[in-house]
There are 4 protein chains.
Amino acid sequence: MTARKPSPARGRARATVDALPDVHLEADTRGVELHRVGVRGLSLPIQVRVGKAAKATIGKFELGVFLSAEARGAHLSRLAEAVQARAGVWDEHAAISLCDELRATLGAKDASVRVEFPWFLAKRAPVSQARSALELRGEFSAHSFQELQGKPRSRLVSTTSVTVPVTTLCPCSQAISEAGAHNQRTLVRIQSVMGKLSLDELAAVAEEASSCELYPVLKRPDEKYVTERAWSRPRFVEDVVRELVVALAEHPKADAFNVSAESQESIHAHEAYAEASGVGPLFRR
Amino acid sequence: MTARKPSPARGRARATVDALPDVHLEADTRGVELHRVGVRGLSLPIQVRVGKAAKATIGKFELGVFLSAEARGAHLSRLAEAVQARAGVWDEHAAISLCDELRATLGAKDASVRVEFPWFLAKRAPVSQARSALELRGEFSAHSFQELQGKPRSRLVSTTSVTVPVTTLCPCSQAISEAGAHNQRTLVRIQSVMGKLSLDELAAVAEEASSCELYPVLKRPDEKYVTERAWSRPRFVEDVVRELVVALAEHPKADAFNVSAESQESIHAHEAYAEASGVGPLFRR
Amino acid sequence: MTARKPSPARGRARATVDALPDVHLEADTRGVELHRVGVRGLSLPIQVRVGKAAKATIGKFELGVFLSAEARGAHLSRLAEAVQARAGVWDEHAAISLCDELRATLGAKDASVRVEFPWFLAKRAPVSQARSALELRGEFSAHSFQELQGKPRSRLVSTTSVTVPVTTLCPCSQAISEAGAHNQRTLVRIQSVMGKLSLDELAAVAEEASSCELYPVLKRPDEKYVTERAWSRPRFVEDVVRELVVALAEHPKADAFNVSAESQESIHAHEAYAEASGVGPLFRR
Amino acid sequence: MTARKPSPARGRARATVDALPDVHLEADTRGVELHRVGVRGLSLPIQVRVGKAAKATIGKFELGVFLSAEARGAHLSRLAEAVQARAGVWDEHAAISLCDELRATLGAKDASVRVEFPWFLAKRAPVSQARSALELRGEFSAHSFQELQGKPRSRLVSTTSVTVPVTTLCPCSQAISEAGAHNQRTLVRIQSVMGKLSLDELAAVAEEASSCELYPVLKRPDEKYVTERAWSRPRFVEDVVRELVVALAEHPKADAFNVSAESQESIHAHEAYAEASGVGPLFRR
């Protein structure tokens, strides 16, 4: 991207930073620590790691730092600068690295970084093999924070998350009806905490836990296939979440995790949801 | 609602309006008419007419006026004042009346009023008779505008609209599959233009055009009923929209109308939609 | 609301609940507890307590229960039924009461209830005394959960929250510029945990912490007043949050609290935010 | 993107399209034409033309076709297929080209294509020259439709649109107050109809019409500059829209256009807006 040249008028307005008062540095006498001060809703074109590949997307960032009781304000422009200056491919480790940089740059004992973005899964329709790309959501985060209850050392938690749209078909409706069963789009979310699961590995776990995965392009033989597959795998949101827990508890790259499913019920105007947490082999080591 | 008393300090700040310059009244030399200037996103507790009843809800307003080329600005506070001052039950006629008032108050040759709100349909589950209230959306609008192409007279168009969530079950999926058929939540919208249909009459037309209506509370015998009813009435969004057109073309209270259906496809991550327009007996008279 | 009569055809479809299989009651062998299963996005017309008054509004509910490892599903229709059946005015105590009822009705060891709604503050413009109603957001919640780390007893936490739009004027911009200072709309949120603060008391604290409060209707003398008032009270989001902490730490009805401010920066396309927590006199007793 | 291999089980499910009934082709006897049937909310990674460059982004598509009264349904999978298969850089001409392809592929007399996406403007802070990327929105569309009033020939309209966040400072507040003036973030939208203006040319017009443009990164000397610049260029939304009309009416690449501005008022909780239309030199030729 080539930046537009500032006009000469802008050049004439140039001032030295030193000559201007810095209100943020004023001493604050209210004695109140702020556990986070920062910016959010800051969008940037980025690359994200999906398995071994790097994919272009748009990231929406939330960045924050701890502010001690003594300083009136945080230099928020430094947060925006740090993320704008950052090159390379985003993943959980990049979030940790920016988190460390923010602590250093702003002299803050704690910091947090979160970036949320769309990404795409290459799909082939189950029968016709028609190719298409399905939009999912992803998120990387890193948070450092002081232990509560007087324990002094800082701790860092990082996460990789996906949200995957799938189909669920209701086991109750199927069991009690003469024909048919209500089914609907359902959002499955997995948050992998301190684990080694990549975005595409998480997406595969999410799709496998559902009645059937979604495809942007389905020809009629494909539509027959997905209808029958969902029929053969009826699942409550409770079932989806338990399948997620069972799969992740055994997954060699899983540490701690939070999982949820939310179905846009086709017989109601509201959503049904289920949530659980668990730990995998890396946690138990 | 009792307003908080302004403090004495506020009283001392009182100034006469006449002493302050009124920038909005400055002459504008750019020669540009603005077809609408106004406010939107203004929320108020209101009552809306549903059949013969008045129901309490929260309305979100968009109000606007034509601004002639000569005046620099419109007095937007008068729009907010006019809607805040308005008592009584909202319907299409109230929108027309406020539209006329705005034209008079602001000396504008045109104006528009739109209010959008949630409202609730009393439902009884089809078998258990369990009572519940289903949230729908409603809208009243009135727009006056100058005819294009040199015809001088002003024209007013008013509308009453509903958006109703329903179920649709896919006829194609049902025809080609061994068992089951994908179905999903679908939003049906009817905009009645210059007609005499009330919100609840429009909602009844919308529900009848669908595979099955929705209920907030369904016990198991009800769930069996709605599953089987949807199975017996498979409908594409195209079918829903055509059923709407056929029903409204014969409805004695229908004038012109716009209709649409948008289904949150349970086998895709995107929506399918269909739209049409038509006229009823009042238009053809 | 009068419910529409079900048709005779519906009556004939009546079945006894006992004759239908209940899939939710099936034994589950996966051994996975779910900390929450429930419904969200369920809207209802309700009344909420604002000080001593009851105000009509629309509530959006999220309800959930703990599901033990043994049962396959939760009877989610009972959650929808329970909230639909509930009469009376909503406040933090009603959330606690419904939470207790859900635990009993579903035989769940834990439950949670959250209702979020718009409500309106009666305002009088500071000079002209023009009356208007400002939309705020409110929330009541109650959550029961088992203590972590092996402590067996259940604990209940309830909250009352408000989100209030205000103005903030930037102290840095004011200090460094020849004239003017950027200012913007800012959302202030206070979550009062286990305290005795009512919605309107929380809103008063939020407005007092800002550069200036907002008004739906302002005549020119009022606009002069609010511009000058904001100028005389420049505040970073950090300042707003600290003012909130200081005010609540001394407020006789405050127990624990979480506070935040998020400003829609007028010189950026992103938001600035600050967050803190604290305790009041009721906590320290 | 490498698609996952379908499992052998999927291969065994393969069926010939010809063997399955095609419900969409059934004759429809209701006699109702649908002016649009299609899909929306379909996201894809795409490239868009910004001046002479091609930029990677995520596009959200709405595609539709006219459906004649005789056919029961449209083959919506062909819309999704057509857009997934499309290579190359998106601009107004690509929208026209896909629109033509959809008409041919579905045998429809009319079609429409709309794609909306974020894109980024390279900025340098006015004094410090700090680099950053500002997120804007863009849209390309093409719509073919039959003339109303009996004129038989089809007509195609295509558009390029941008939405640009800027600052506006209120001239009234500035004129009546002892110090300061309320200002806020404002969204400026330009829809260029059948013109030759590129996304970045439209953005430059939008920014020039405002009190001041926005920057993701501003150091203190920059903040002084933008505060003072906004102070020196006070603008109502009415002024912004008139500046847009005046600039585009003279722009050699402008044909017809629609313009609007919506300000997130910092003294109210609602928005102020203004809208206008006009024509440029290409239209008048």
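Every value quoted in this text rests on a predicted model; they were computed, and no experiment measured them.

Novice: Can you help me understand the overall build of chain A in this one?
Specialist: In terms of helices and strands, chain A carries eight helices and ten strands. Projected onto the principal axes, the alpha-carbon positions of chain A cover approximately 80 × 55 × 40 Å. Out of the 285 residues belonging to chain A, those deemed buried represent 61%. Expressed as a percentage of contacts within chain A between residues at least 6 apart in sequence, the contacts between residues at least 24 apart total 64%. Counting only carbon and sulfur atoms, one obtains 52% of the accessible surface of chain A, whose full area is about 10,700 Å².

Novice: When you look at the relation of the copies chain A and chain C in this model, what are you seeing that I'm missing?
Specialist: What relates the two chain copies is a rotation about an axis together with a slide along it. Structural alignment of chain A on chain C gives an RMSD of 0.0 Å, achieved by rotating through 180° and translating 0.0 Å along the axis. Interpreted geometrically, this transformation is the action of a two-fold axis. Comparing interface residues between copies, 100% of those in chain A also lie at the interface in chain C; the contact surface is shared.

Novice: How should the packing of aromatic side chains be read in this particular structure?
Specialist: How two aromatic rings sit relative to each other is set out by the distance from centre to centre and by the angle between their planes. Across all of its chains, the model carries eight aromatic pairs over all chains by this definition. Positioned above the aromatic ring of Tyr273(D) is the side chain of Arg40(B), whose terminal nitrogen or guanidinium carbon lies 3.9 Å from the ring centre. When the ring centre of Tyr215(D) is taken as origin, the NZ or CZ atom of Lys123(D), which lies over that ring, is 4.9 Å away.

Novice: What's the story with the confidence of the model for chain A in this structure? I'm lost.
Specialist: Atom-level detail of predicted coordinates should not be read off regions where pLDDT is low. The predicted model of chain A averages 91 in pLDDT, with 91% of residues at 70 or higher. Note on residues 1-15 of chain A: pLDDT under 50 across the span, and 28 contacts to partners over four residues away in sequence or across chains.

Novice: I tried to follow the interface of chain A and chain C on my own but got confused; where do I start?
Specialist: A common measure of how large an interface is: the accessible area buried when the components associate. Residue-level contacts link 51 residues of chain A with 51 residues of chain C. Area buried by chain A at its contact with chain C is led by Arg40(A), Arg242(A) and Tyr273(A), which between them contribute 20% of it. Our enumeration of links across chain A and chain C arrives at twelve salt bridges. Across the contact surface, chain A and chain C share 32 residue pairs in polar contact (both at pLDDT 80 or more). Looking at the side of chain A that touches chain C, the elements that each hand over two or more residues are β1 (34-50), β2 (53-67), α4 (171-176), α7 (237-250) and β10 (271-279) of chain A. If you tally residues by element for the side of chain A that touches chain C, the top one is β1(A), at nine residues. Counted by class, the side of chain A that touches chain C contains 28 nonpolar, nine polar and 14 charged residues. Pairing of β1(A) with strand β10 (residues 271-279) of chain C, which is carried by five bridges, proceeds in the antiparallel orientation. Residue pairing for β10(C): Arg36(A) is matched across the bridge by Glu275(C).

Novice: Just checking my understanding: could you explain the pattern of salt bridges for this structure?
Specialist: Opposite charge on two side chains makes pairing possible when the charged atoms of those side chains draw close. For the structure shown, the criterion picks out 104 salt bridges over all chains. The salt bridge involving Glu243(D) is made with Arg30(B); its shortest N-O contact spans 2.7 Å. With one member in each of two chains, Glu243(D) in helix α7 (residues 237-250) and Arg30(B) in the loop between α1 (8-12) and β1 (34-50) form a pair that bridges those chains. Here Lys224(B) makes a salt bridge to Glu228(B), at a shortest N to O gap of 2.8 Å. Residue Lys224(B) and its partner Glu228(B) are located together in helix α6 (residues 220-232), separated by four residues, close to a single helical turn. Relative accessible area serves as the criterion here: at 15%, Lys224(B) is assigned to the buried category.

Novice: What am I meant to see in the pairing of strand β4 (residues 111-124) of chain A here?
Specialist: Looking along a regular strand, one sees side chains alternate from face to face of the sheet. Residues and elements named next belong to chain A. When you tally the buried positions in β4, you get eleven out of 14 residues, the bulk of the element. As judged from the six bridges shared by β2 and β4, these two strands associate in the antiparallel manner. Within β4, the residue paired with Gly64 across the bridge is Ser112.

Novice: Can you help me understand empty space enclosed by the protein in this one?
Specialist: Here the idea is plain: a probe the size of a water molecule rolls over the atoms and shows the empty space left. Scanning all chains against the criterion turns up four cavities of 30 Å³ or more. What the largest cavity holds in volume is close to 90 Å³. In terms of lining residues, the largest cavity is bounded by 13 residues, among which His182(A), Ile267(A), Val226(B), Thr227(B) and Ala230(B) are the most central. Elements with a contribution of two residues or more to the lining of the largest cavity: β6 (154-169), β8 (212-213) and α6 of chain B. At four residues, α6(B) tops the list of elements feeding residues into the lining of the largest cavity. Split by residue class, the lining of the largest cavity holds seven nonpolar, five polar and one charged. Counted as a void, the second largest cavity has a volume near 80 Å³. Lining the second largest cavity are 13 residues, with His182(C), Asn183(D), Val226(D), Thr227(D) and Ala230(D) positioned closest to its centre.

Novice: Mind showing me how you'd approach the packing of helix α2 (residues 76-85) of chain B against helix α3 (residues 92-106) of chain B here?
Specialist: A pair of packed helices can be characterised by two numbers: the angle between their axes and the separation between those axes. All names here are of chain B. With their axes 10 Å apart at the nearest point, α2 and α3 run at an angle of 140° to one another. Here α2 is positioned oblique relative to α3, judged by the angle of their axes. Note on packing geometry: the crossing formed by α2 with α3 is right-handed. Contacts from Arg78, Leu79, Ala82 and Val83 of α2 reach α3 at Leu98, Glu101, Leu102, Thr105 and Leu106. Taken together, the residues that form the contact of α2 with α3 break down as six nonpolar, one polar and two charged.

Novice: What's the story with the nonpolar core in this structure? I'm lost.
Specialist: One broad rule of soluble globular proteins: the nonpolar side chains tend to lie buried together. Counting residues in hydrophobic clusters, the biggest one holds 316 residues, and the most contacted among them are Trp90(A), Trp90(B), Trp90(C) and Trp90(D). Residue contacts for Trp90(B): discarding those within four places in its chain leaves Ile46(B), Gln47(B), Val48(B), Arg49(B), Phe61(B), Val83(B), Ala95(B), Leu98(B), Val113(B), Val115(B) and Phe140(B).

Novice: Before we go on, may I ask you to explain helix α6 (residues 220-232) of chain A in this structure?
Specialist: Because an α-helix packs 3.6 residues into every turn, residues spaced three or four apart end up facing the same way. End to end, α6(A) covers 18 Å across 13 residues, agreeing with the expected 18 Å (1.5 Å per residue, within 8%). Listing the buried residues of α6(A) in full gives Arg220(A), Pro221(A), Asp222(A), Glu223(A), Lys224(A), Tyr225(A), Val226(A), Thr227(A) and Ala230(A).

Novice: Honestly, helix α2 (residues 76-85) of chain C in this entry has me stumped. Any pointers?
Specialist: Across the ten residues of α2(C), seven count as buried, placing the element largely inside the fold. Regarding α2(C), the residues found buried are Leu76(C), Ser77(C), Leu79(C), Ala80(C), Ala82(C), Val83(C) and Gln84(C).

Novice: How do you make sense of the side chain of Thr159(A) when you look at a structure like this?
Specialist: All names here are of chain A. When you line up the elements, Thr159 lands in strand β6 (residues 154-169). Separated by 2.5 Å, the side chains of Thr159 and Ser141 make a polar contact. Among residues more than four places away in sequence, those in contact with Thr159 are Glu92, Glu139, Phe140, Ser141, Gln191, Ser192 and Val193.

Novice: How should I be thinking about the environment of Phe140(B) in this particular structure?
Specialist: Secondary-structure assignment places Phe140(B) in strand β5 (residues 131-146). Linking Phe140(B) and Ser158(B), residues 18 residues apart in sequence, is a C-alpha distance of 7.5 Å.

The rules behind the values
- Residues numbered from 1 in each chain as written.
- Chains lettered and ligands numbered in written order.
- Predicted model: local features only at pLDDT ≥ 70, side-chain atom pairs only at ≥ 80, totals over all residues.
- Heavy atoms only, no water.
- Helix = DSSP H or I, 4+ residues; strand = E, 2+ residues; numbered from the N terminus.
- Buried < 20%, exposed > 50% of the residue type's maximum accessible area, 1.4 Å probe, protein only.
- Contact = heavy atoms within 4.5 Å.
- Areas by Shrake-Rupley, 256 points an atom, 1.4 Å probe, with all protein chains shown as cover.
- Least-squares fit on C-alpha atoms with pLDDT ≥ 70 in both.
- Phe/Tyr/Trp six-rings, centres within 6.5 Å; stacked < 30°, edge-to-face > 60°.
- Lys NZ or Arg CZ within 6 Å of the ring centre and 35° of its normal.
- pLDDT = per-residue confidence, 0-100.
- Buried area = accessible area lost by both parts, 1.4 Å probe.
- Salt bridge = Lys/Arg side-chain N within 4 Å of Asp/Glu carboxyl O.
- Polar contact = N/O pair within 3.5 Å; in protein donor to acceptor, adjacent residues only side chain to side chain.
- Nonpolar A, V, L, I, M, F, W, Y, C, P; charged D, E, K, R; others polar.
- Pairing = 2+ DSSP bridges.
- 1 Å grid on protein atoms, 1.4 Å probe; cavity = no way out; pocket = protein on both sides within 12 Å on 5 of 7 lines; lining within 4 Å.
- Points joined across faces, edges and corners; volume = space filled by probe spheres on them.
- Axes fitted to C-alpha atoms, helices over the stretch in contact; angles between N-to-C directions.
- Parallel < 35°, antiparallel > 145°, perpendicular 65-115°, else oblique.
- Left-handed = near helix turned anticlockwise from the far one by under 90°.
- Core = buried A, V, L, I, M, F, W, Y, C linked by side-chain atoms within 4.5 Å.
- Expected span 1.5 Å × (residues − 1).

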